[in-house]
Amino acid sequence: MHKVIERIKEAKLVPVVKIEYIEDAVPVAKALCEGGLYLAEVTFRTVCAEEAIRRMKEACPQMLIGAGTVLNTQQVDEALASGAAFIVAPGFNEKVVNYCTQKGVPIFPGCSHASDIERAIEHGLEVVKFFPAKELGGLATIKALAAPYGQVNFMPTGGITPDTMMEYLGYERIVACGGSWMVKEDLIRQKDFKAITKLTAEAVKRIQKGKQGQETQQHLTKEECAASQLTLEGLGEGVVAGFGEMLLRLSAPDHLRLSQAHQLKMHYGGAEANVVVSLAQFGLNTRFMTKLPENDLGQSAVNELRKYGVDTHFILRGGERMGLYFLEKGASQRASKVVYDRAHSAMSDIRSEELDWDKALEGVKHFFITGITPALGEEVARVALKVCKKCQEKGITVWCDLNYREKLWTKEEASRTLQEMMQYVDCCLTNEHHAISMLDLDLVVEGQAEVGRIDQIADEKTRLSAIAYAMTRKYGFKQVALTIRHSVSASLNSLSALLYTEGKSYFAPFYDVQIVDRVGGGDAFAAGLIYATVKGYDPQESVAFALASECLKHTIEGDFNEVSVAEVCALMNGNGKGLVQR
């Protein structure tokens, strides 16, 4: 990495300065230095920009100063002659980029689309500017662009605030943020240089605190972790990976029956894909492994994942077709209906040797799979079992949602396969019915023969706690989560959940939900629980966060849970009245 880029990466923040009057140049430079930031980008949007750079550099030789909004090679020459160490351009101007690279000068061109990034790669660039960051979708868009291009890093600029800066800097592909809040034009015009120093010092303090937090986490031992009541998952979050089939969903609009519909609405989804997308929305690094056909539908599915920032490097391409499912949404007393069309899909024909699992699992700390994936065929079941074993060997936490689908395989096939898979699962998610029917549990109440079977206990909380205990005793799960659904009708459900861990049960409060789209609700719960675990939430907070995530998914069309951590936390904290947010 170029030494100039290394210095920018160390600073983490590049003040974007517009100097309208030359007499302000030196005071601004000194104010930044006094605030602890020896770096600035001076925009070439004023007639005095070249002279401003020269004076700032003379007054504060320790500063690293670059020229921004550079539009042509003449401005490059002017900037370099005045002492600029790097060039920033609003877009990808090939002449400017070539001119800078020939001179060995770091150039950060504005790149907002995949085609721009590919051009940057062709020119050997390490870092690109992402502008305007806020308007283009912020961190989620950067992650989507970064996923297929592992060699490029980003410097977002535009709409960055002190709070969002730290969110951006939490992503390892961000070299630094460009910001102007500490050098606002009004402050410079008013010659309030003390305010500039104060705002700069506050920003530097935030960055240093973030660095110290990362260093502290990296050096915590297991004993220190236990003492501070942090989970090991909180020590460097790693990647959450999912393996399963991505489907094209075609649904009848407006609660029409499939037999009535003349048009179908299209969404992409699939249980494991839904989980990694939701976690990417929450800000975690995610990866998805599957197989998709080498055609327009397959590429569209890949693009959909990339849009949310999911790593798609380990998606295999090939096979005959993409799996489909057709959805007829129920209403009132009419139940929803799903029709599968998945035979001979690309994913159903996957072979274990097609994917280098050691590479695919590099950096992975949590792996998610469902009982739907092994239902696709005997070979897929063997692949699923193999990857779960490999995860256990590598110390990766394995999460599994049983998700039995009777339209895909028999109860006997599912029970036999899933019981074998459970030997390698750390955290199991399911519901009462599937736990009893799939896992061959000992349901006799210990030492209380007169009570009878666990599943006959009348009190729901006692019964579910006993089932979770039986699951843990047989399979050694670290966590068991049982979702609870009381169905008043197809349109109105009451939702709750149990989390059982370390011998204790934790229940989330019930939510009454008017259903917009219930598909993906369980996946939203799984994503919420994984996120809470990674972030070190306590068990009660974890199950509450997971259930709030599931609840919100029931209000959103499509398979993906398009909500943020802030929205989930707001519902957790009692803001569930649906008032307009202004």
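Before reading on, note that the structure itself is shown above.
Residues numbered from 1 in each chain as written. Predicted model: local features only at pLDDT ≥ 70, side-chain atom pairs only at ≥ 80, totals over all residues. Heavy atoms only, no water.

Spatially, β13-β12-β9-β16-β17-β18-β19-β20-β21 is the arrangement adopted by the nine strands of the open sheet, whose pairing is mixed. In this open sheet, the two edge strands, each paired with only one partner strand, are β13 (315-317) and β21 (504-514). Geometrically, the sheet is characterised by an average inter-axis angle of 20° between neighbouring strands, direction not taken into account. As paired elements, strand β20 (residues 492-501) and β21 share nine bridges and run antiparallel to each other. Within β21, the position partnered with S494 by the bridge is D512. Contacting β9 (239-243), β12 (285-292) and β16 (364-370), helix α12 (residues 271-281) crosses the sheet at an angle of about 155° to β12. Here helix α18 (residues 460-475) sits on the sheet and contacts β18 (427-431), β19 (479-487), β20 and β21; the angle it forms with β19, its principal contact strand, is near 145°. (Pairing = 2+ DSSP bridges. Helix = DSSP H or I, 4+ residues; strand = E, 2+ residues; numbered from the N terminus. Axes fitted to C-alpha atoms, helices over the stretch in contact; angles between N-to-C directions. Contact = heavy atoms within 4.5 Å.)

Below, the discussion takes up empty space enclosed by the protein. With the rule as written, the count across this model stands at one cavity of 30 Å³ or more. Space inside the largest cavity adds up to approximately 30 Å³. Taken together, K18, E20, Y21, D24, E185, I188 and R189 form the lining of the largest cavity. Grouping the constituent residues of the lining of the largest cavity by class yields two nonpolar, no polar and five charged. (1 Å grid on protein atoms, 1.4 Å probe; cavity = no way out; pocket = protein on both sides within 12 Å on 5 of 7 lines; lining within 4 Å. Points joined across faces, edges and corners; volume = space filled by probe spheres on them. Nonpolar A, V, L, I, M, F, W, Y, C, P; charged D, E, K, R; others polar.)

With nine of 10 residues buried, β20 is to be regarded as a mostly interior element. In the sheet, β19 pairs with β20 via nine bridges, with the strands oriented antiparallel. What sits directly across from I484, in β20, is S496. With antiparallel pairing between neighbouring strands as the criterion, β19 and β20 make up a hairpin whose turn holds four residues. (Buried < 20%, exposed > 50% of the residue type's maximum accessible area, 1.4 Å probe, protein only.)

A few words on the environment of V277. As for its position among the elements, V277 is in helix α12. For V277 and N72, which are 205 residues apart along the polypeptide, the C-alpha to C-alpha distance reads 40 Å. Ignoring any residue separated from it by four or fewer positions in sequence, one finds V277 in contact with L305, Y308, V310 and F560.

Moving on, we get to the pattern of salt bridges. This model, assessed by the stated rule, comprises 33 salt bridges. The partner of D186 in a salt bridge is R189, and the shortest N-O contact between them spans 3.1 Å. Here the residue D186 and the residue R189 both occupy positions in helix α9 (residues 185-189), the gap between them amounting to three residues, near one helical turn. Among the salt bridges present, the one from E245 reaches R342, with a minimum N-O distance of 2.9 Å. Taken as a pair, E245 in the loop between β9 and β10 (247-251) and R342 in the loop between β15 (337-341) and α14 (357-360) lie far apart in primary sequence, 97 residues in all. Comparing E245 with R342, the two get one shared label, buried. (Salt bridge = Lys/Arg side-chain N within 4 Å of Asp/Glu carboxyl O.)

Further remarks concern the environment of F368. Topologically, F368 is positioned in strand β16. Residues F368 and C388, spaced 20 residues apart in sequence, show a C-alpha to C-alpha distance of 9.3 Å. Setting aside residues up to four positions removed in sequence, F368 forms contacts with A241, G242, F243, A271, E272, V275, W399, D401, A526 and I530.

Those residues of helix α8 (residues 162-169) that sit buried are M165, Y168 and L169. The buried residues of α8 occupy an angular sector of 90° when the element is viewed end-on, so they sit on one face. (Arc of directions from axis to C-beta.)

Strand order in the open sheet made by the four strands is β11-β10-β14-β15, with mixed pairing throughout. Looking along the sheet, the strands with just one partner apiece sit at the ends: β11 (265-269) and β15. Shown here is a sheet whose adjacent strand axes are inclined to one another by a mean of 25°, direction ignored. Two elements, β10 and β11, share five bridges in a ladder whose sense is antiparallel. Its bridge partner lying in β11, L250 is registered against M266.

The next subject is the packing of aromatic side chains. Here the structure, examined in full by the defined rule, presents 10 aromatic pairs. Feature note: the residues F282, Y531, Y537 and F545 constitute an aromatic cluster, connected by ring pairs. Positioned above the aromatic ring of F131 is the side chain of K129, whose terminal nitrogen or guanidinium carbon lies 4.6 Å from the ring centre. (Phe/Tyr/Trp six-rings, centres within 6.5 Å; stacked < 30°, edge-to-face > 60°. Lys NZ or Arg CZ within 6 Å of the ring centre and 35° of its normal.)

This paragraph deals with the environment of I53. Looking at the element boundaries, I53 is found in helix α3 (residues 49-59). For I53, the residues in contact, after removing those within four places along its chain, are V42, F44, I65, G66, A67, S82, G83 and A84.

Before going further, it helps to examine helix α7 (residues 138-146). Turning to α7, its buried residues are G138, I142, K143, A144, L145 and A146. In this structure, the buried side of α7 is in contact with α6 (114-122), β6 (127-130), β7 (153-156), α8, β12 and α13 (296-307).

Note that the residue after F131, namely P132, is joined by a cis bond; omega there is -10°. You can see P132 is positioned in the loop between β6 and α7. Phi angles above zero are rare outside glycine, and D254 is one such case at about 55°. When you line up the elements, D254 lands in the loop between β10 and β11. One non-glycine residue, H344, lies in positive phi territory at about 60°. Following the sequence through the fold, H344 ends up in the loop between β15 and α14. With a relative accessible area of 55%, H344 lands in the exposed category.

Attention shifts here to the packing of helix α4 (residues 73-82) against helix α5 (residues 94-103). Running from amino to carboxyl end, α4 crosses α5 at an angle of 35°, the nearest separation of the two axes being 9 Å. For the pair α4 and α5, the contacting residues are T73, V76, D77 and L80 in the first and K95, V96, Y99, C100 and K103 in the second. Looking at the contact of α4 with α5, its residues break down into five nonpolar, one polar and three charged.

Most often, soluble globular proteins have nonpolar side chains that are buried together. In this structure, V28, L32, I87, F154 and I196 are the most contacted members of the largest nonpolar core, which totals 65 residues. Apart from the residues lying within four places of it in its own chain, the contact partners of V28 are V17, I19, V183, I188, F193 and I196. Listed in part, the 56 residues of the second largest apolar core include A241, L316, Y404 and M438. (Core = buried A, V, L, I, M, F, W, Y, C linked by side-chain atoms within 4.5 Å.)

This paragraph deals with the packing of α3 against α4. At a closest axis distance of 8 Å, the pairing of α3 and α4 adopts a crossing angle of 20°. By the angle class used here, α3 and α4 are roughly parallel. Judged by the twist between their axes, the crossing of α3 over α4 is right-handed. Across the interface between the two elements, E50, I53 and R54 from α3 touch E78, A81 and S82 from α4. (Parallel < 35°, antiparallel > 145°, perpendicular 65-115°, else oblique. Left-handed = near helix turned anticlockwise from the far one by under 90°.)

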